[in-house]
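Secondary and tertiary structure notes
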Amino acid sequence: MKSKKATAQQIAALPVRWDKNGKLRVLMVTSRDRGRWVMPKGWLMDGKKPWQAAKIEALEEAGAVGFVSDEKVGTYHYKKRLEKGRSVWCRVTVYPMVVDKLKRRWKERKERKRHWFSLGKAAKLVDEPELTELLRALAKNPEKLTELEDLRPAA
């Protein structure tokens, strides 16, 4: 990994579910700027634990509701474009989320599209090399995400 000076911290939710055939799927959303496929992510929030902020981002960006683990599944870096051609390196900590339902109406529904993909397909669609590797690693070892079911509080 290259040295990333002045790295900003972000959080992301990795929203997952198992389809009716028992296959693991990940919910991706399009970015607002160029329509790239990304995970719901954002900045840390005052007064919120990182995984709580990730849960809020999943709701706002994807309309996803569910259980978010306080155990991260990984991190990745990317260059975030800012106003006036500036950019900043961001380190994104990823928290897995088991999605219980998708809202029909959510905050950013007019700005983004959402779609369920296999982890392998999602890995091919994202632009960030470290995120690609994270998704590929999870596709090879989905047990790391299956363990979430054991952590989820009984409803």
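Our subject is the structure listed above.
These notes cover the structure that comes with them. (Residues numbered from 1 in each chain as written. Predicted model: local features only at pLDDT ≥ 70, side-chain atom pairs only at ≥ 80, totals over all residues. Heavy atoms only, no water.)

Moving on: the overall build of the chain. The secondary structure content of the chain amounts to five helices and eight strands. In summary, the chain has a C-alpha radius of gyration of 15 Å against a globular reference of 15 Å for 155 residues, a match within 12%. Structurally, the chain occupies a C-alpha span of about 45 × 35 × 30 Å along its principal axes. In the chain, which comprises 155 residues, the share counted as buried stands at 43%. Of the contacts formed within the chain by residues at least 6 apart in sequence, a portion of 68% connects residues at least 24 apart. Carbon together with sulfur atoms contributes 47% to the accessible area of the chain, which is approximately 9200 Å² in total. (Helix = DSSP H or I, 4+ residues; strand = E, 2+ residues; numbered from the N terminus. Rg over C-alpha atoms; globule rule 2.2 N^0.38 Å. Buried < 20%, exposed > 50% of the residue type's maximum accessible area, 1.4 Å probe, protein only. Contact = heavy atoms within 4.5 Å. Areas by Shrake-Rupley, 256 points an atom, 1.4 Å probe, with all protein chains shown as cover.)

A full pass over the atoms with the stated rule returns three aromatic pairs. Relative to Tyr78, the ring of Tyr76 has its centre 6.2 Å away and its plane inclined at 40°; by these criteria the two rings are tilted. Classification of Tyr76 by relative accessible area gives buried; the value is 0%. Lying across the ring of Trp116, Arg17 places its NZ or CZ 4.4 Å from the centre. For Lys41, the ring lying beneath its charged end belongs to Tyr78, and the centroid distance is 4.9 Å. (Phe/Tyr/Trp six-rings, centres within 6.5 Å; stacked < 30°, edge-to-face > 60°. Lys NZ or Arg CZ within 6 Å of the ring centre and 35° of its normal.)

With that settled, the discussion passes to the pattern of salt bridges. Across all of its chains, the model carries nine salt bridges by this definition. In this structure, Glu111 and Arg32 form a salt bridge, with 3.1 Å as the shortest nitrogen-oxygen distance. Taken as a pair, Glu111 in the loop between β7 (87–102) and β8 (114–117) and Arg32 in the loop between β2 (24–30) and β3 (37–38) lie far apart in primary sequence, 79 residues in all. In this structure, Glu60 and Lys107 form a salt bridge, with 3.9 Å as the shortest nitrogen-oxygen distance. Here Glu60, found in helix α1 (residues 50–62), pairs with Lys107, found in the loop between β7 and β8; they are 47 residues apart in sequence, far enough to count as distant. (Salt bridge = Lys/Arg side-chain N within 4 Å of Asp/Glu carboxyl O.)

Before going further, it helps to examine unusual backbone geometry. Glycine aside, a negative phi is what most residues show, and trans is what most peptide bonds show. One non-glycine residue with positive phi stands out, namely Lys84, at about 55°. As for its position among the elements, Lys84 is in the loop between β6 (74–81) and β7. The exposure class of Lys84 is exposed, given its relative accessible area of 80%.

Our next topic: helix α3 (residues 129–140). With 12 residues, α3 should reach 16 Å at 1.5 Å per residue; the first-to-last C-alpha distance of 17 Å fits that figure. If you check which residues of α3 are buried, you get Leu131, Thr132, Leu134, Leu135 and Leu138. Seen along its axis, α3 keeps its buried residues to an arc of 165°; they face one direction. Opposite the buried face of α3, by more than 90 degrees, sit the exposed residues Pro129 and Lys140. If you follow the buried residues of α3, they end up packed against β1 (8–18), β6, β7, α2 (119–125) and α4 (143–146). (Expected span 1.5 Å × (residues − 1). Arc of directions from axis to C-beta.)

Glancing now at the nonpolar core. Formed by 25 residues in total, the largest nonpolar core has its most connected members in Leu14, Val26, Met39, Val94, Leu135 and Leu145. When residues of this core are traced back to their parent elements, those giving at least two are β1, β2, β6, β7, α2 and α3. Met39 has contacts with Ala12, Ala13, Leu14, Met28, Val29, Glu61, Tyr76, Val94 and Leu131, leaving out every residue within four places of it along the chain. Core analysis: the second largest hydrophobic core is formed by 15 residues, Ile11, Ala58, Met97 and Val99 among them. (Core = buried A, V, L, I, M, F, W, Y, C linked by side-chain atoms within 4.5 Å.)

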